[in-house]
Amino acid sequence: MFVFSLAVLSLGSLVVSRSVASDIRRSFVPPGPGDSRSPCPLLNALANENIMPHTGQNIPIALLNQTMREVLNLGADLTDALVGGAQQFADDNGTINLHDLATHNVLEHDASLVHDDAAPGAVYAPTDTNKAKVAAVSGLSTDGVGLTARDLAHARVIAEETSLPLPDNLAFAANVEAALALTVIGDGTTVDLAAFGDLFGENKLPEGWVKPTEPITLDVVVGIASQVAAAKEEFESI
Ligand code: HEM
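Here's what I pulled together on the structure shown here. Because the structure is a prediction, the values reported are computed rather than measured.

**Digging into the site of the ligand**
For step 1, the next point in the chain: Close to the ligand lie 26 residues; Cys-40, Leu-82, Leu-107, Ser-112 and Leu-113 are nearest.
For step 2, the next point in the chain: Broken down by secondary-structure element, the contributors of at least two residues to the shell around the ligand are helix H2 (41–48), helix H3 (61–70), helix H4 (76–87) and helix H7 (168–185).
For step 3, the next point in the chain: Examining the composition of the shell around the ligand, we find that five residues originate from one element, H7, more than from any other.
For step 4, the next point in the chain: Of the residues belonging to the shell around the ligand, the class tally is 19 nonpolar, five polar and two charged.

Structure representation (structure tokens):
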């Protein structure tokens, strides 16, 4: 009953948030000193754009779920898979702080595209963006316009070569992250470099971004993650 009520409340606030979101988006506010942020550029962007609470604190799992569905137009299966990962950090009130997601080697992992690895023995990984890494990944664009699955696979191989080996489940998750970028802010095959810079570099939704018309399903994302995995094998065999 509690969860149901929360979901209804969240839906209500999201209807308002969605109509207000474009106004708030134009007044993008980077995180302040007390704000909680994660290693996920998209979740941080939603907080920075005031679509989710700007503090990044006490975010109801139900709101996270609703935001994935209504703001990003993720399918129910993909939403369940992603929010299920966050659920394990929920407190007794069913809320999370974004920084919880930085807990090392649970969802967060080394060899991120734009974050530094966790310090040896650290409980939490860094959440600050390494701008040099953003530039380095952009530089891997084959056509100088966008990043394809193959370009992102190249970036992942470079990142993984310079980090400790990832556990299998997190190595797959890293491929999924590339696929999410290709679908949520790209057209399924390419992410425009400007959009990449906005999301990964600044943690803001790309200029002119609108949600996809059709829901993005788990099948589609896993299929693109498999393309990334196959391209990685090609680079690794060179
Ligand atoms: C409930 C939903 C989500 C949760 C709980 C979540 C959680 C996370 C976490 C914990 C990481 C850190 C992994 C690492 O160490 O690199 C991450 C990274 C990432 N997430 Fe999310 N995420 C969610 C939704 C999304 C969505 C919808 C997108 C779509 C663009 C996305 C894009 C990414 C990308 C591209 C990275 C990799 C960043 C990097 O390599 O530095 N995430 N996410």
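**Observations concerning the packing of H3 against H4**
For step 1, the next point in the chain: At a minimum axis distance of 10 Å, the contact between H3 and H4 shows a crossing angle of 155°. Classified by the interaxial angle, the pair formed by H3 and H4 is roughly antiparallel. For H3 against H4, the interelement crossing comes out right-handed. When H3 is examined against H4, the residues Ile-61, Leu-64, Asn-65, Met-68 and Arg-69 are found in contact with a partner set consisting of Thr-79, Leu-82, Val-83, Ala-86 and Gln-87.
For step 2, the next point in the chain: Residues belonging to the contact of H3 with H4 are distributed by class as follows: six nonpolar, three polar and one charged.

Cut-offs and rules
- Residues numbered from 1 in each chain as written.
- Predicted model: local features only at pLDDT ≥ 70, side-chain atom pairs only at ≥ 80, totals over all residues.
- Near = placed C-beta within 6 Å.
- Helix = DSSP H or I, 4+ residues; strand = E, 2+ residues; numbered from the N terminus.
- Nonpolar A, V, L, I, M, F, W, Y, C, P; charged D, E, K, R; others polar.
- Axes fitted to C-alpha atoms, helices over the stretch in contact; angles between N-to-C directions.
- Parallel < 35°, antiparallel > 145°, perpendicular 65-115°, else oblique.
- Left-handed = near helix turned anticlockwise from the far one by under 90°.
- Contact = placed C-beta atoms within 7 Å.

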